[in-house]
Amino acid sequence: MSDVVKLENVQHSYNKKLVLKDVNLAIPEGQLFGLLGPSGSGKSTLVKIIIGLLTPGSGTVQIEDKPMPSFKLMSEIGYMAQSDALYNELTARENMQFFAALYQLPKQKQKERIAEVSELVNLSDVLDQTLETFSGGMKRRMSLAIALLHQPKLLILDEPTVGIDPVLRASIWEAFRKMQQAGTTIIITTHVMDEAEKCDNLALLREGYLIAQGNPEDLRVKSGTQTLEDAFLYFGGADYAHTGNR
Ligand SMILES: Nc1ncnc2c1ncn2[C@@H]1O[C@H](COP(=O)(O)OP(=O)(O)OP(=O)(O)O)[C@@H](O)[C@H]1O
């Protein structure tokens, strides 16, 4: 299976502070891939680099063997940022129509997709309310719906289920699985261990370093631990992280 995302020797600094250090990553087509790391470890920065919102200080990023940033490839990517970029004075439907038009979906397709994604995130009943009336969790779901509108081949979600209750979270994960089965590659950032458990493969980030990669079971076995949380602590341990034995 070919790699959809390939990063080589990626480094990035903000104001001379190095926040990503020599990151190498290959994500095969059709995977549900998790980027796991504590707050400030560099997950969002990495995601922004993958989708071409940020150009790394050094290193290369390729999507489907083509260098990023690429305007053409952007249309094949769905991105849900950590902060919601929505229009509060518009209704949910108007917000979706706006983004569907940006994605150049034909009118009929817009209608169909708006109905489908609203159903998925449980917002069908409030489509004609302005977002001013929405809770934080409802806005998160709205952002997720927008990222899905154009049925992207690569879906990148920065902490998509923050502020979403457990029942809906379960149904959203089920939807991720379905999309994956339909061939979508999904990258999710999280610091929630039970979500990380659901990923096919994980990359563990700590202080800008990619300290380990593998499927959840491999990571537990390699570290000789029972839980991903302990595996993370093991790989991030001072002795291990600086030996280069990753
Ligand atoms: N625009 C910016 N300017 C300066 N520093 C930044 C900027 N964005 C992020 N940083 C810093 O870069 C580091 C990595 O941040 P990043 O947001 O990528 O981490 P994260 O793992 O996504 O964190 P969280 O889980 O809290 O979102 C942090 O030290 C952060 O303070």
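Residues numbered from 1 in each chain as written. Predicted model: local features only at pLDDT ≥ 70, side-chain atom pairs only at ≥ 80, totals over all residues.

Draft legend 1. Seen up close, the packing of helix 3 (residues 92-102) against helix 5 (residues 136-148). Relative to each other, helix 3 and helix 5 sit at 30°, their axes nearing to 10 Å. In this view, helix 3 runs roughly parallel relative to helix 5, as classed from their interaxial angle. Handedness of the crossing formed by helix 3 with helix 5: right-handed. Listed contacts from helix 5 to Ala92, Asn95, Met96 and Phe99 of helix 3 are Met142, Ala145 and Ile146. In terms of residue class, the contact of helix 3 with helix 5 is built from six nonpolar, one polar and no charged. (Axes fitted to C-alpha atoms, helices over the stretch in contact; angles between N-to-C directions. Helix = DSSP H or I, 4+ residues; strand = E, 2+ residues; numbered from the N terminus. Parallel < 35°, antiparallel > 145°, perpendicular 65-115°, else oblique. Left-handed = near helix turned anticlockwise from the far one by under 90°. Contact = placed C-beta atoms within 7 Å. Nonpolar A, V, L, I, M, F, W, Y, C, P; charged D, E, K, R; others polar.)

Draft legend 2. Structural view of the environment of Ser83. Position of Ser83 relative to the elements: it lies in the loop between strand 6 (77-80) and helix 3. Judged by the 9 C-beta atoms lying within 10 Å of it, Ser83 falls in the exposed class. Remark: the alpha-carbon pair of Ser83 and Arg140, spanning 57 residues in sequence, is separated by 8.3 Å. (Buried ≥ 20, exposed ≤ 12 C-beta atoms within 10 Å, placed from the backbone.)

These values are about where atoms sit, not about what they do.
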